[in-house]
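The chain contents come next:
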Amino acid sequence: MKIVFLILLLALLSWKGYHAWLRGRRTYLRERQQYQSLWEYLVGNGATEKEARRVFLNRALQRALLPLLRQWRFWLVVGLLAVLTAVTW
(Lines give C-alpha, C1' and ligand atoms only; values in the text may rest on other atoms or scores of the structure.)
Protein backbone atom coordinates (compact mmCIF):
# COMPACT_ATOMS: atom_id res chain seq x y z
CA MET A 1 0.00 0.00 0.00
CA LYS A 2 2.86 2.36 0.82
CA ILE A 3 4.43 1.68 -2.56
CA VAL A 4 1.22 2.66 -4.33
CA PHE A 5 1.13 5.96 -2.45
CA LEU A 6 4.80 6.55 -3.25
CA ILE A 7 4.19 5.90 -6.95
CA LEU A 8 1.21 8.25 -6.96
CA LEU A 9 3.21 10.92 -5.15
CA LEU A 10 6.10 10.60 -7.60
CA ALA A 11 3.70 10.76 -10.55
CA LEU A 12 2.08 13.90 -9.16
CA LEU A 13 5.45 15.55 -8.52
CA SER A 14 6.63 14.64 -12.01
CA TRP A 15 3.46 16.08 -13.53
CA LYS A 16 3.79 19.33 -11.58
CA GLY A 17 7.51 19.54 -12.33
CA TYR A 18 6.89 19.07 -16.04
CA HIS A 19 4.34 21.88 -16.12
CA ALA A 20 6.65 24.15 -14.13
CA TRP A 21 9.44 23.41 -16.61
CA LEU A 22 7.15 24.23 -19.54
CA ARG A 23 6.05 27.50 -17.93
CA GLY A 24 9.66 28.50 -17.26
CA ARG A 25 10.82 27.56 -20.75
CA ARG A 26 8.01 29.52 -22.41
CA THR A 27 8.78 32.53 -20.22
CA TYR A 28 12.48 32.39 -21.03
CA LEU A 29 11.93 32.12 -24.79
CA ARG A 30 9.22 34.78 -24.89
CA GLU A 31 11.23 37.30 -22.86
CA ARG A 32 14.38 36.68 -24.88
CA GLN A 33 12.38 37.64 -27.97
CA GLN A 34 10.59 40.59 -26.38
CA TYR A 35 13.62 42.04 -24.64
CA GLN A 36 16.26 41.44 -27.27
CA SER A 37 17.37 45.06 -26.83
CA LEU A 38 18.10 44.37 -23.13
CA TRP A 39 20.25 41.41 -24.14
CA GLU A 40 22.15 43.55 -26.64
CA TYR A 41 22.52 46.34 -24.08
CA LEU A 42 23.97 44.01 -21.45
CA VAL A 43 26.35 42.27 -23.82
CA GLY A 44 27.34 45.60 -25.41
CA ASN A 45 28.24 47.05 -22.03
CA GLY A 46 30.67 44.29 -21.16
CA ALA A 47 28.52 41.58 -19.61
CA THR A 48 29.36 38.05 -20.62
CA GLU A 49 26.66 35.96 -22.22
CA LYS A 50 26.30 34.01 -18.97
CA GLU A 51 25.70 37.22 -17.01
CA ALA A 52 23.22 38.50 -19.57
CA ARG A 53 21.40 35.14 -19.60
CA ARG A 54 21.12 35.18 -15.80
CA VAL A 55 18.54 38.01 -15.92
CA PHE A 56 16.25 35.98 -18.13
CA LEU A 57 16.82 32.71 -16.29
CA ASN A 58 16.00 34.26 -12.90
CA ARG A 59 12.71 35.59 -14.24
CA ALA A 60 11.88 32.24 -15.84
CA LEU A 61 12.63 30.38 -12.60
CA GLN A 62 10.46 32.77 -10.62
CA ARG A 63 7.63 32.41 -13.12
CA ALA A 64 7.92 28.62 -13.03
CA LEU A 65 8.43 27.88 -9.36
CA LEU A 66 6.58 30.55 -7.39
CA PRO A 67 3.07 29.35 -8.35
CA LEU A 68 4.13 25.80 -7.57
CA LEU A 69 5.47 26.80 -4.15
CA ARG A 70 2.36 28.83 -3.34
CA GLN A 71 0.20 25.87 -4.23
CA TRP A 72 2.24 23.42 -2.16
CA ARG A 73 3.03 25.73 0.78
CA PHE A 74 0.40 24.18 3.03
CA TRP A 75 1.56 20.64 2.30
CA LEU A 76 5.18 21.61 2.85
CA VAL A 77 4.30 22.93 6.31
CA VAL A 78 2.30 19.80 7.15
CA GLY A 79 5.13 17.57 5.91
CA LEU A 80 7.71 19.52 7.88
CA LEU A 81 5.64 19.20 11.04
CA ALA A 82 5.22 15.47 10.43
CA VAL A 83 8.96 15.03 10.02
CA LEU A 84 9.68 17.05 13.15
CA THR A 85 7.23 15.05 15.24
CA ALA A 86 8.54 11.76 13.86
CA VAL A 87 12.10 12.72 14.77
CA THR A 88 11.21 13.71 18.32
CA TRP A 89 9.29 10.47 19.05
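Before any of the text, the structure's been laid out above.
Definitions and limits used
- Along each chain, numbering runs from 1 in the same order as the chain's sequence is written.
- The model is predicted, so local features are restricted to residues of pLDDT at least 70 and side-chain atom pairs to those at 80 or more, both for listing and for counting; the totals for chains, interfaces and linings are taken over all residues.
- Only heavy atoms go into the side-chain values, all of them from the structure, while hydrogens and water stay out.
- Paired rings are identified among Phe, Tyr and Trp, the last through its six-membered ring, by centres lying within 6.5 Å, and are further divided according to the angle between planes into stacked (under 30 degrees), edge-to-face (over 60) and tilted (the rest).
- Note on conventions: DSSP H or I runs of at least 4 residues are helices, E runs of at least 2 residues are strands, and numbering of each starts at the N terminus.
- Burial classes: relative accessible area under 20% of the type maximum marks a residue as buried, over 50% as exposed, and values in between as partly exposed (1.4 Å probe, protein chains only).
- Charge-over-ring placement is defined geometrically: NZ (Lys) or CZ (Arg) within 6 Å of the ring centre, and within 35 degrees of the ring normal.

Asker: Kindly report on the packing of aromatic side chains, identifying the contributing residues and their values.
Answerer: One pass over the full model with this rule turns up two aromatic pairs. Ring geometry for Tyr18 and Trp21: centres 6.3 Å apart, planes at 25°, overall stacked. With Tyr18 and Trp21 both in helix 1 (residues 2-34) and three residues apart, the pair spans about one turn of that helix. Summarising the aromatic geometry, the rings of Trp39 and Phe56 are spaced 6.2 Å apart at their centres and angled 45° between planes, so their arrangement reads as tilted. Here Phe56 lies in helix 3 (residues 49-88) and Trp39 lies in helix 2 (residues 36-44), a separation of 17 residues in the sequence. The pair formed by Trp39 and Phe56 is uniform in burial state, with each residue classed as buried. The positively charged end of Arg32 is found above the aromatic ring belonging to Trp39, 3.7 Å away from the centroid. Above the plane of the ring of Phe56 lies Arg32, whose end atom (NZ or CZ) is 5.8 Å from the centre.

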